[in-house]
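Analysis of the macromolecular model
Listed here are the chains, written in short residue letters.
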Amino acid sequence: MNESDFEGTLVLEKLAEIGKVDEFFEAIDSDNFGKAQSLMRRANIDLKTIALVLKQAGDGDGP
């Protein structure tokens, strides 16, 4: 998963507001979904969106 997957989305905008975009991508890249979830919660992203992002991130790993 890379930044282009989220470019221009509400998720990135909200994470940018709290200065955590890079930290979010580091968490996703290292499969640290708990940290990614925590960052999204801090950015006041709704739970439905968080679940969707985490599902997409998990699915992006492939077999």
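Residues numbered from 1 in each chain as written. Predicted model: local features only at pLDDT ≥ 70, side-chain atom pairs only at ≥ 80, totals over all residues. Heavy atoms only, no water.

**A look at the overall build of the protein**
When helices and strands are tallied, the protein shows 4 helices and 0 strands. Scanning the protein from its N terminus toward the C terminus, one meets helices and strands in the order α-α-α-α. When contacts within the protein are restricted to residue pairs at least 6 apart in sequence, long-range pairs at least 24 apart make up 45% of them. About 4000 Å² of surface is accessible on the protein, with carbon and sulfur atoms providing 47% of the total. (Helix = DSSP H or I, 4+ residues; strand = E, 2+ residues; numbered from the N terminus. Contact = heavy atoms within 4.5 Å. Areas by Shrake-Rupley, 256 points an atom, 1.4 Å probe, with all protein chains shown as cover.)

**Some remarks on the confidence of the model for the protein**
Chain-level pLDDT for the protein is 85 on average; 81% of the residues reach the 70-or-more range. Element-level mean pLDDT values for the protein span from 87 in helix H4 (residues 47–59) up to 97 in helix H3 (residues 33–42). (pLDDT = per-residue confidence, 0-100.)

**Some thoughts on a negative patch on the surface**
Judged by side-chain charge, Asp 22, Glu 26, Asp 29 and Asp 31 come together as a negatively charged surface patch. Mapped onto the secondary structure, Glu 26 falls in helix H2 (residues 21–29). A residue is classified by how much of its surface remains accessible, and Glu 26, at 55% relative accessible area, is exposed. (Patch = residues over 30% accessible without salt bridge, like charges linked within 9 Å, V, L, I, M, F, W, Y side chains within 5 Å. Salt bridge = Lys/Arg side-chain N within 4 Å of Asp/Glu carboxyl O. Lys, Arg positive; Asp, Glu negative; His and termini not counted. Charge placed at Lys NZ, Arg CZ, Asp CG, Glu CD. Buried < 20%, exposed > 50% of the residue type's maximum accessible area, 1.4 Å probe, protein only.)

**Quick notes on H4**
The α-helix winds at 3.6 residues per turn, so residues separated by three or four positions along the chain end up facing the same way. Taking 1.5 Å per residue, 13 residues should reach 18 Å; H4 reaches 18 Å between its end C-alpha atoms and fits that length. Where H4 is buried, its residues contact helix H1 (10–17), H2 and H3. For H4, the N-terminal capping position is held by Asp 46, with its side-chain oxygen 3.2 Å away from the main-chain nitrogen of Lys 48. (Expected span 1.5 Å × (residues − 1). Polar contact = N/O pair within 3.5 Å; in protein donor to acceptor, adjacent residues only side chain to side chain.)

**With respect to the environment of Val 53**
Within the element layout of this structure, Val 53 appears in helix H4. Judged by its relative accessible area of 3%, Val 53 is buried. For the pair Val 53 and Gln 37, spaced 16 residues apart in sequence, the C-alpha to C-alpha distance is 8.9 Å.

**Looking at the packing of aromatic side chains**
The geometry of two aromatic rings is summed up by the distance between their centres and the angle between their planes. Across all of its chains, the model carries 1 aromatic pair by this definition. With a centroid separation of 5.4 Å and an interplanar angle of 70°, the aromatic rings of Phe 24 and Phe 25 are classed as edge-to-face. The residues Phe 24 and Phe 25 share a single accessibility class, namely buried. (Phe/Tyr/Trp six-rings, centres within 6.5 Å; stacked < 30°, edge-to-face > 60°.)

**A closer look at unusual backbone geometry**
The residue Asp 31 is not glycine, and still its phi comes out positive at about 60°. Relative to the helices and strands, Asp 31 resides in the loop between H2 and H3.

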